Amino acid sequence: MGLAADLGIGPGPRPRPPVARLLLRLAGTRTGARLYSLVLHHLDRAVFALSGDRLSFTEPASRLPTVMLTTIGARSRRLRRVPLVAFPVDGHVAVPGTTCTPN
């Protein structure tokens, strides 16, 4: 029935809180998706920092874990931290890339 069902993830037996349902409904609109793409990673970083890297802003709504991926800049050699949604797969964590294409 789709990627979420194939991976064995998705909505659990308990209903989502009203705020989470509102956030998901907003994300389904063009305006909401654009707003989230501009703002959500900033909120995730702030919540991660305030909670000691234990919580994120998006986890309650998506019911998926959020991880902070740390990379090193190719030229600047500076550390870059980016919050990403991860998918649990057979005891491992899968992090989707933006350029996932079949070879």
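(A) Geometry of the overall build of the protein chain. Secondary structure assignment for the protein chain yields four helices and four strands. Listed N to C, the secondary structure of the protein chain is α-α-α-α-β-β-β-β in terms of helices and strands. For the protein chain, buried positions account for 19% of its 103 residues. Residue pairs at least 24 apart in sequence account for 28% of intrachain contacts in the protein chain once pairs closer than 6 positions are excluded.

(B) Seen up close, the side chain of Ser51. Within the secondary structure, Ser51 sits in the loop between helix H3 (30–50) and helix H4 (59–62). One polar contact links the side chain of Ser51 to the main-chain amide nitrogen of Leu55, over a distance of 3.0 Å.

(C) Representation of a nonpolar patch on the surface in the model. A cluster of nonpolar side chains, namely Leu26, Leu35, Leu38, Val39, Leu43 and Phe57, defines an oily patch on the protein surface of about 450 Å² accessible area. A total of four residues in the nonpolar patch trace back to one element, the largest contributor, which is H3.

(D) Geometry of the layout of surface pockets. Of the volumes computed, that of the largest pocket is approximately 330 Å³. Lining the largest pocket are 16 residues, and of these Tyr36, Leu40, Asp44, Thr58 and Val85 lie nearest its centre. Taken together, the elements giving at least two residues each to the lining of the largest pocket come down to helix H2 (18–27), H3, H4 and strand S2 (79–85). The residue inventory of the lining of the largest pocket, partitioned by class, reads 10 nonpolar, five polar and one charged.

(E) Spatial organisation of the packing of H2 against H3. Two elements in contact, H2 and H3, have axes separated by 6 Å at closest approach and are oriented at 105°. Accordingly, the angle class assigned to the pair H2 and H3 is roughly perpendicular. On H3, the residues touching Leu23, Leu26 and Ala27 of H2 are Gly32, Ala33 and Tyr36. Class assignment for the residues of the contact of H2 with H3 results in five nonpolar, one polar and no charged.

(F) Fine view of the pairing of strand S1 (residues 66–72). Both S1 and S2 contribute to a ladder of seven bridges, which runs antiparallel. Opposite Ile72, over in S2, you have Leu79 as the bridge partner.

(G) View of the pattern of salt bridges. Summed over all chains, the structure comprises one salt bridge. Between Arg81 and Asp53 there is a salt bridge; the shortest N-O distance is 3.3 Å. Taken together, the residues span a long stretch of sequence, with Arg81 in strand S2 and Asp53 in the loop between H3 and H4 at a distance of 28 residues. Exposure remark for Arg81: the relative accessible area of 36% places this residue in the partly exposed category. Relative accessible area serves as the criterion here: at 43%, Asp53 is assigned to the partly exposed category.

How each quantity is defined
- Residues numbered from 1 in each chain as written.
- Predicted model: local features only at pLDDT ≥ 70, side-chain atom pairs only at ≥ 80, totals over all residues.
- Heavy atoms only, no water.
- Helix = DSSP H or I, 4+ residues; strand = E, 2+ residues; numbered from the N terminus.
- Buried < 20%, exposed > 50% of the residue type's maximum accessible area, 1.4 Å probe, protein only.
- Contact = heavy atoms within 4.5 Å.
- Polar contact = N/O pair within 3.5 Å; in protein donor to acceptor, adjacent residues only side chain to side chain.
- Patch = residues over 30% accessible without salt bridge, like charges linked within 9 Å, V, L, I, M, F, W, Y side chains within 5 Å.
- Areas by Shrake-Rupley, 256 points an atom, 1.4 Å probe, with all protein chains shown as cover.
- Salt bridge = Lys/Arg side-chain N within 4 Å of Asp/Glu carboxyl O.
- 1 Å grid on protein atoms, 1.4 Å probe; cavity = no way out; pocket = protein on both sides within 12 Å on 5 of 7 lines; lining within 4 Å.
- Points joined across faces, edges and corners; volume = space filled by probe spheres on them.
- Nonpolar A, V, L, I, M, F, W, Y, C, P; charged D, E, K, R; others polar.
- Axes fitted to C-alpha atoms, helices over the stretch in contact; angles between N-to-C directions.
- Parallel < 35°, antiparallel > 145°, perpendicular 65-115°, else oblique.
- Pairing = 2+ DSSP bridges.

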